[in-house]
Amino acid sequence: MLPLLLASSSTYRRELLSRLHLPFVCSSPDIDESHRPNESAIELVRRLAEQKARALSDSHPAHLIIGSDQVAVLGERIIGKPHTFENAREQLMAASGSSVTFLTGLALLNSQTGHCQVDCVPFTVHMRVLDQARVERYLHAEQPYDCAGSFKAEGLGVSLFQSTEGPDATSLIGLPLIRLIDMLLAEGVQIP
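Residues numbered from 1 in each chain as written. Predicted model: local features only at pLDDT ≥ 70, side-chain atom pairs only at ≥ 80, totals over all residues. Heavy atoms only, no water.

### A short note on the nonpolar core
One finds Met-127 and Phe-151 to be the most contacted residues of the largest nonpolar core, which totals 23 residues. Put simply, the parts of the chain that give this core at least two residues each are β3 (64–74), α3 (85–95), β5 (99–110), β6 (116–127) and α4 (132–142). Residues in contact with Met-127, not counting those within four places in the same chain, are Leu-92, Ala-95, Gly-97, Ser-98, Val-100, Phe-151, Leu-160, Phe-161 and Gln-162. If you look at the next biggest cluster of nonpolar residues, it comprises 20 residues, including Leu-22, Cys-147, Leu-175 and Leu-180. (Core = buried A, V, L, I, M, F, W, Y, C linked by side-chain atoms within 4.5 Å. Buried < 20%, exposed > 50% of the residue type's maximum accessible area, 1.4 Å probe, protein only. Helix = DSSP H or I, 4+ residues; strand = E, 2+ residues; numbered from the N terminus. Contact = heavy atoms within 4.5 Å.)

Spelled out as structure tokens, the structure:
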């Protein structure tokens, strides 16, 4: 098996990938993550996931490189990481009683052959009706300012959900393991 490289510095993605009990290393690619004009959210995450993997292919010429990128979509608007309390409060209040769809782009690049598999895995969170006091209590408790959508699904953020739907709950955290396993199997990796 070629060595695995996770093209990310995300602790969330690192924790998810470790669930597969495969050895891997991490390296953070330096790419422009700007949204292009007329680019759909799906096109954006697919492109960025692939770019992240390809950005490390020269420095890791015989690896299976995993790239991933995620955006949250509320209505027609892409919402990213809030970075501040105020932005997080605004995002959660806008999502109150609505649905937020998380689109996670995933790429697996065999840097030895150049073969690249790319996909996008959707996951939808239907939010409870939230009031500002509840939102602020949550934000003070968990401080999810580095999370798209302003909540941590693997933590207290689940208290904000009415229901969820999608093919792979790990995609919500940022690395769709079920689809990644399909890609790894296609490259001859045995799991378990």
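### Observations concerning the layout of surface pockets
Of the pockets and cavities examined, the largest pocket occupies roughly 700 Å³. Surrounding the largest pocket, 31 residues form its lining, Arg-13, Asp-69, Gln-70, Lys-81 and Asp-146 being those nearest its centre. Of all the elements in the fold, those that place two or more residues in the lining of the largest pocket are α1 (11–18), α2 (41–55), β3 and α5 (170–173). Considered class by class, the residues forming the lining of the largest pocket number 14 nonpolar, 9 polar and 8 charged. (1 Å grid on protein atoms, 1.4 Å probe; cavity = no way out; pocket = protein on both sides within 12 Å on 5 of 7 lines; lining within 4 Å. Points joined across faces, edges and corners; volume = space filled by probe spheres on them. Nonpolar A, V, L, I, M, F, W, Y, C, P; charged D, E, K, R; others polar.)

### What to know about α3
Among all positions in α3, only Phe-85, Ala-88, Gln-91, Leu-92 and Ala-95 are buried. All buried residues of α3 project into a common sector of 130 degrees when viewed along the axis, lining one side. Just downstream of α3, Gly-97 is the residue with a positive phi angle, here 70 degrees. (Arc of directions from axis to C-beta.)

### Brief notes about the pairing of β3
Taken across its 11 residues, β3 has 11 buried, putting it largely inside the fold. Of the two faces of β3, the one holding Leu-64, Ile-66, Ser-68, Gln-70, Ala-72 and Leu-74 and the one holding Ile-65, Gly-67, Asp-69, Val-71 and Val-73 are both buried throughout. In terms of strand pairing, strand β1 (residues 4–6) meets β3 through 3 bridges, oriented parallel. Bridging across to β3, Leu-6 finds its partner in Ile-66. (Pairing = 2+ DSSP bridges.)

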